[in-house]
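Structure assessment
The chain contents come next:
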Amino acid sequence: MRASPAPTPSRRSVLAGAAVAAAAVALPVAAPAAAHAASRRTEEVQGAEPHRWRTTAIGGTGFVTGLLFHPSVKGLAYARTDIGGAYRWDDTQSRWTALTDQLGWDDWNLLGVEALAVDRAHPDRLYLALGTYAQSWAGPGAVLRSEDRGATWARTDLTVRLGANEDGRGAGERLLVDPCDSEQLWLGTRHDGLLRSTDRGATWTSAGFPATPSANGQGIMFLVAAGRTVYAGWGDGGTPLYRTNASGGWEAVPGQPSGGSASKVPIRAAYDTNTRALYITYADAPGPNGQSDGSVHRLDTVTGSWTDVTPVAPDSGAGDGFGYGGVAVDAGRAGTVVVTTNNRWSQIDTLFRSTDGGATWTSLKDTAVLDVSETPYLRWGGDAAKFGWWIQAVAIDPYDSQHIVFGTGATIFGTRDLVHWAPQIRGLEESAVRFLIAPPTDGARLLSGLGDIGVMYHESLTASPSRGMASNPVFGTATGLALAALKPSYVVRTGWPSGSSAAGAYSDDGGSSWQPFGAQPPIAASAPGPVSVGADGATLLWSFIHWDGTKYPAHRSTDNGATWTEVATFPKGGTPVADPLDPKRFYVYDTDTGAVFLSTDSGATFTQGASGLPSGDSQFKLAAAPGRSGDLWLSAKDNGLFRSTDGGVTFTAMAGCQASHALGFGKEAPAGRRGTQGPGHRARASYPAIFQTGRVSATFDGVAVLRSDDAGATWVRINDDTHQWGWTGEVITGDPRVHGRVYLGTNGRGIQYADPQ
């Protein structure tokens, strides 16, 4: 979703690989009341504590890859994202509702939505094709089907892998209800050809298709109905466009564009029922990146004649290379069509609109008035927002010709008059969260470090941060965020530079405003890593690691980042952790060797402490308990949870915790509630509430969000089966001002927070 074409690491890294053949098993779905009752019974038996979960408001922040207005229901629309699930639009509330938050830890690969489909004849039916990566290390995809617009689901597991976060993810819908038979569905895959279901998605079989997929290609780019005929775009070279024929098979569409880069890959198609014209957008690559040529063509499906209706021909030689992406037709006005450019960085992407079947076009960007006051971060640290980038999804409301929406790499813009545009994004949150800090004093409710969009200062949890992205400097992905425990007004951040070479900054007002470090080590701009600040704010430790995993020596500053000195005894690439009480103490866990290293001279030198701990995984995390010196907790994923009370000299495994992925602290429980998480537990001395994503089988036999009010002796589950959000192993923290409040970082569903009910 980056606002610059510069190659910087992103949570949306695109991968390629092979998949396997298709099959399916149907799974039943519980009725809402029965499902709720079952969930309540599970909570009662296994000791959960009900919480009210909500999503912190930022507004989008990720790539919206598909938008679809329902053709038969006014005000109903759906959106899909590359890593953040699917959403339903409620026009009366002007808000999106998440539809896939029930997908849990083991189903993390299903949070990417490859395609969605609706049934014109059955308005309550909705289908999703899920699967984020098509690599051998990722699980197979699945198809979800709903009879109530996504309120409840039945699931069919596939053995083919889908690629919602790979190249081509902004292409058209690969899932389609057959226009002649609501029982029959088609699913186009990247590496396994065409699948068909004759029982509304309950089971799937391979269907014959004339093109042969490759192990690392795009396969079928889209499926679209034109009357009773189905058209399929093909992205692996050769013939780009096929259609069904009278015998029930497939054939190449006669007369189609061929032989040039501008029509190499079909991206999307839309059918005008009024004129019986099919519009197809093309590019020289699947996108969203890497496109430099493209075109738009119109097929008269009655006569078979083709017309090139490209609004503006790309010219990469003149610095204006781009492809065409989204296309939508106006159901209420014959010959009215909208197409989008994509990857047009020099002149900025736009929407072209035609009211005469593509004979003439108007650029809607040229007259657009943008209002991003509801989501100020879209200004990207500047004075104004862009009209968009990565625009591959566009839709026209079939009940309102002037209501157009389009997805970008960060939001959904909408208009009701073709001139005034604003984010139509409430309820849709897609950020990948790296860091969370809940300050102990007045000011921000929360500070967050995010993938792609840097750091945010949340003065409210229900409105997008008014300051937008932290600026001076602006970062892409945040790589570090730390607060001085004894001087909480002092905060530091690091990240991938955006628009400058500055990779670090400090704040003296709790993160409200920032100043770049006066200097930085030469490696900083190309390998910015995590940062830590001593308890009194006097010492900074900055670690460096390149996006490819190469580790470099850490550096230390005692003058607010004006000068830096290498720390030779600090394990390369490690994450520094400051002691919350003693400014001279720092810790770092060497995940390569399974040893903890300690400093008692303000980070100038480090010596080895405990050793023989789990090793070999950079996601193992060390955390220091607030208000205590030398009280350390080590989350070692499936190796469990460990604690040290002697400053990292020794560690003890916490009994009963089978897995710990992320851990944080919050305000301690009121005196009367301490130690009351299970029968027979006596009240303990005051200790911060501990939150973690982990597995404690005595509480819940699976990875869950957990809290302990008795220093880890007992745990309660605080999420439920409808609030799981896939993978949640990066960051979690409590609130030091409100007992029980928790903030949870997800990988594509933003910041979730909750309070006990």
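Each chain has its residues counted from 1, running along the sequence as written. Only residues with pLDDT of 70 or above have their local features reported here, since the model is predicted, and side-chain atom pairs are shown and tallied only from 80 upward, although totals for entire chains, interfaces and linings are computed over all residues. Note that water and hydrogens are dropped before the side-chain values are worked out from all heavy atoms of the structure.

In this section: the sheet that holds strand 48 (residues 632-635). Any two strands with at least two DSSP bridges between them are considered paired. Here a strand is any run of E in DSSP of at least two residues, a helix any run of H or I of at least four, and the numbering for each starts at the N terminus. Read from one edge of the open sheet, 4 strands run 47-48-49-50, paired in antiparallel fashion. On the outer flanks of this sheet lie strand 47 (621-624) and strand 50 (652-653), each paired with one strand and no other.

Before going further, it helps to examine the packing of aromatic side chains. Aromatic pairs are defined between Phe, Tyr and Trp rings, using the six-membered ring for Trp, whenever the two ring centres lie within 6.5 Å; interplanar angles under 30 degrees are classed as stacked, those over 60 as edge-to-face, and all others as tilted. By the definition in use, this model includes 27 aromatic pairs. Judged by centre distance (5.6 Å) and plane angle (40°), the ring pair of Phe406 and Phe413 falls under tilted. Each member of the pair, Phe406 together with Phe413, is buried. The ring of Phe475 carries the charged tip of Arg493 above its face, separated from the ring centre by 4.5 Å. Lysine and arginine charges are scored as sitting over a ring when NZ or CZ, respectively, is within 6 Å of the ring centre and within 35 degrees of the ring normal. It is Arg493 that lies over the ring of Trp514; its NZ or CZ is 4.5 Å from the centre. Note on classification: 1.4 Å probe, protein chains only; a residue is buried when its accessible area is under 20% of the maximum for its type, exposed when over 50%, partly exposed between these limits.

Basic side-chain nitrogens of Lys or Arg form a salt bridge, by our definition, when they fall within 4 Å of a carboxyl oxygen of Asp or Glu. Under the definition given, this model contains 30 salt bridges. The partner of Asp400 in a salt bridge is Arg416, with the nearest N and O atoms 3.9 Å apart. Pair noted here: Asp400 is in the loop between strand 28 (393-396) and strand 29 (404-407) and Arg416 is in the loop between strand 30 (412-415) and strand 31 (420-423), with a separation of 16 residues, a long-range link. Residue classification places Asp400 among the partly exposed positions, given a relative accessible area of 26%. Residue Arg737 pairs with Asp442 through a salt bridge whose shortest N-O separation is 3.8 Å. Of this pair, Arg737 sits in the loop between strand 55 (732-734) and strand 56 (742-745) while Asp442 sits in the loop between strand 32 (433-437) and strand 33 (446-450), placing them 295 residues apart in sequence. Note on Arg737: relative accessible area 23%, which makes it partly exposed. What makes Asp442 exposed here is its relative accessible area of 76%. Residues joined in a network through salt bridges with shared partners are Asp119, Arg125, Glu147, Glu183 and Arg200.

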